[in-house]
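Letter by letter, the chains look like this.
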Amino acid sequence: MSQDNVREIQISVRNLVEFILRSGDMTSSKAKADPEAMQMGSRMHRRIQKRMGDNYDAEIPLSITVPVSFDDMDFSLTIEGRADGIIYNDKAEEDISLSKLDDTGDEAPEVFIDEIKGVFRELSHISEPVGVHRAQAMCYAYIYAVKFNHKRIGIRLTYCNLETEQLKYFEEAFSIEELSQWFDRLVNEYIKWAAWQLKWVEKRNLQIKALDFPFDYRPGQKELVTGVYKTILRRKKLFIEAPTGVGKTISTVFPSVKAMGEGLVEKIFYLTAKTIARTVAEDTFKLLGEKGARLKVISLTAKEKLCVLDKPSCNPADCPRAKGHYDRINDAVFDLLTAQNDISRELIEEHAAKHCVCPYEMSLDVSLWADVIICDYNYVFDPVVALKRYFSADKPNEYVFLIDEAHNLVDRGREMYSAVLYKDDFLEVKHFVKDSRPKLTKLIDKCNNDLLKLKRACDEFEVLDNVDDFYMHLLSLMTEYDLLMQEGIGTEGEEEILKLYLDIRHFISIYEIHDDRYTIFTDYEEDRFRLKLQCMDPSKNLLNRMEKGRSSILFSATLLPIQYYMEQLGGKKDEDYAVYAPSSFPVENRLIMIANDVSTRYSRRNTREYQKICSYIKNFTEAKVGNYMVFFPSYQLLQAVASIAADQLEGLVIQSSSMTEAERESFLEQFVDEPASSRIGFCVMGGIFSEGIDLRNDRLIGAVIVGTGLPMVCNERELFRGYYDEKCNAGFEYSYLYPGINKVLQSGGRVIRTKDDKGAILLLDDRFTQQQYYSLFPREWFPNVVVNLSGMKKVLEEFWKEK
């Protein structure tokens, strides 16, 4: 949905029919078994279209604008989309069969609208078209008939089995009067929503236009705000390296909101990888609301946290809210929107209970009408869980993606666009279905045998050119598997059966798009044999999703080297922008020291070196009473040093490997303002305490970073090294150095959080004195001081001395 200054509301044909015509129960199996396999069906669409003759036009854009008068408002409603095909029956060598159309004796229509759907199901099990598919075709038929003055027009639903490529048709003809009456009823159902949207947008935009920046600008901040606005205006991407304290959240949110007020932006997606970043975003939008710009902001919460059951089970037999959910959900959403200005988790839960609907699904539906969606990266980028309601249209929407802590998106992107299958999962599912599903069992056996052959050829790690035969067998399996999902599992092992089904679907979809940016390999993960499609370079996939919007702003305190992140995150070298926001903190408030007589290289890891590390930590923390964190590259090294430090350091607390949320909070609560004695926390680089925590003032005055953060050498890392050596002769940098330095910079960023903070950072590894490493330091880490154990004490005394 979008709107502009001429009081127009736009909606796609697909979104309109799916929104208005949905009904019935919510079931986990049917919800997961989408009757149209969108991604996998796209290629099939093109193949079917190419087979058609001269009487067939493919991918025809169609739209209609309907004048509306409602509730003292006049506006236009534009409904648009792209028909899969137009069949000109008068040009065909023989007419489309009319045996199933009607008994009126009318001649076959001159034109048919073709709607193509790719499915895994056996076509013999499809006895009638899916309602929303039929409705899409009817919408296009009406628009086409009105545009070209047809009194009668036909629709054809073409279902194609993705494995066998067999086709099944459902054909129907309508008079223009029949379609007109049906279309008017559909539109009338939607008008109240469109009118509400238009009223809200006009009210919201007036408030935004009166909004001023809520703070005095820090040095360089106004230029940053201007740069973000211009990037949105020009439909580009902007990569921002912004040190802590620059105010990057408000500097990206404010210009995005102002662009929304000018009609440039329809919706803002604020994307995060950590809960703490989401909280900061929520507080920022709340501040703008207090300044007069009230926006409808929703934070999407995981299903497990919103579910009214102890364990989510979206079936009527287990959850009363699933029964008839789709019959009530639209009323629930409209009730919330019209009764409340704000959108909160508590209000969603309250209205979901009132209307007896699923709060999680309701939150997704409410997001359609929100101005701002705060959510994890995966709601936009992950091909499995992304909000398809926003990204299924062919043309881009006026969305702005604000991507916080964007350095995290490299690894997250690689994983989201990778796929893996475990051999033992097939055997586990076979155990559950062997007595009731002989055909499914036989197909599972075939896939398992493929994996068994691959396993026998894999001693430890094996790179493959392709797995085409296995892919074809998976397609065969999915035809029968999909039938099970449509009928309902109804047997022991439902969770395992559903998981493998989703894993196979994801594997097939990734295999269909894999190219030279992927590597296929087999190996063993904790003795479990697996086949993996590893995305080596996520840039193309991330770019494809970003281009569904208007503009993307990617920002982080550790986006160095910027060229690497631009390349990996879909930046276009000659089109997109990159800026460095200078730190506003006084240089004299930060001390950076590099120890030149200690190392964490594997060849140097011994008791003597661990004792030296411990001595550095002891001397560093004894220079001033306060709170300190020590970051290690691994739990193994942390524990080795901790075993020595336990008798030498007072106030030591240690991060454990699987802390609950309550344990994390308890850990951080020990770092108090103005402590009477020192607190020293041992943590892991890249872990929960090295990024996203905000210990201001005296809650943290120093950090020791043990080692360069380089990832452990393993088969996958070496795979990346070889790939990027071949691609750009930078295998070590891309696979080890850049990820490692990013962890170092994130850990160091915990110390200075406000302009009044004062803190010291000690880097324990002589490699930091090498140009290859220190050239990746941010500007604010200069000047720095190279020290040894004996000379560090004097440097610290001078730094902490009262002035």
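Nothing here was measured: the structure is a model prediction, and the numbers come from that model. (Residues numbered from 1 in each chain as written. Predicted model: local features only at pLDDT ≥ 70, side-chain atom pairs only at ≥ 80, totals over all residues. Heavy atoms only, no water.)

Turning our eyes to something else, we now look at the overall build of the protein chain. The secondary structure content of the protein chain amounts to 28 helices and 25 strands. At 30 Å, the protein chain has a C-alpha radius of gyration in line with the 28 Å of a compact globule built from 803 residues. Each of the three principal axes of the protein chain carries a C-alpha extent, and together these read 100 × 70 × 50 Å. Counting all 803 residues of the protein chain, 57% fall into the buried class. Summarising the internal contacts of the protein chain: among those between residues at least 6 apart in sequence, 78% fall at separations of at least 24. As presented, the protein chain carries roughly 34,900 Å² of accessible surface, and 46% of it is formed by carbon and sulfur atoms. (Helix = DSSP H or I, 4+ residues; strand = E, 2+ residues; numbered from the N terminus. Rg over C-alpha atoms; globule rule 2.2 N^0.38 Å. Buried < 20%, exposed > 50% of the residue type's maximum accessible area, 1.4 Å probe, protein only. Contact = heavy atoms within 4.5 Å. Areas by Shrake-Rupley, 256 points an atom, 1.4 Å probe, with all protein chains shown as cover.)

Turning next to the environment of Phe 507. Following the sequence through the fold, Phe 507 ends up in helix α19 (residues 494-513). Each C-alpha atom of the pair Phe 507 and Leu 421 lies 7.4 Å from the other, and the pair is 86 residues apart in sequence. Ignoring sequence-local partners within four residues, the contact set of Phe 507 consists of Ala 419, Val 420, Leu 421, Val 467, Phe 470, Leu 474, Leu 531 and Leu 533.

It is worth spelling out the pattern of salt bridges at this point. Summed over the entire model, instances satisfying the criterion amount to 45 salt bridges. Among the ionic pairs, Arg 204 bridges to Asp 371, the shortest N-O distance being 2.5 Å. Of the two residues, Arg 204 sits in helix α5 (residues 176-209) while Asp 371 sits in the loop between α12 (359-367) and β11 (372-376), which places them 167 residues apart along the sequence. Arg 204 sits in the buried class, given a relative accessible area of 1%. Between Lys 439 and Glu 480 there is a salt bridge, with its nearest N and O atoms 3.9 Å apart. Here the residue Lys 439 occupies a position in helix α17 (residues 438-456), and Glu 480 occupies one in helix α18 (residues 468-487), the gap between them amounting to 41 residues. Since its relative accessible area comes to 9%, Glu 480 is described here as buried. Through salt bridges with shared partners, a single ionic network connects Glu 415, Asp 523, Glu 525, Arg 530, Lys 532 and Glu 716. (Salt bridge = Lys/Arg side-chain N within 4 Å of Asp/Glu carboxyl O.)

Everything listed here is a matter of geometry and, on its own, says nothing about what the molecule does.
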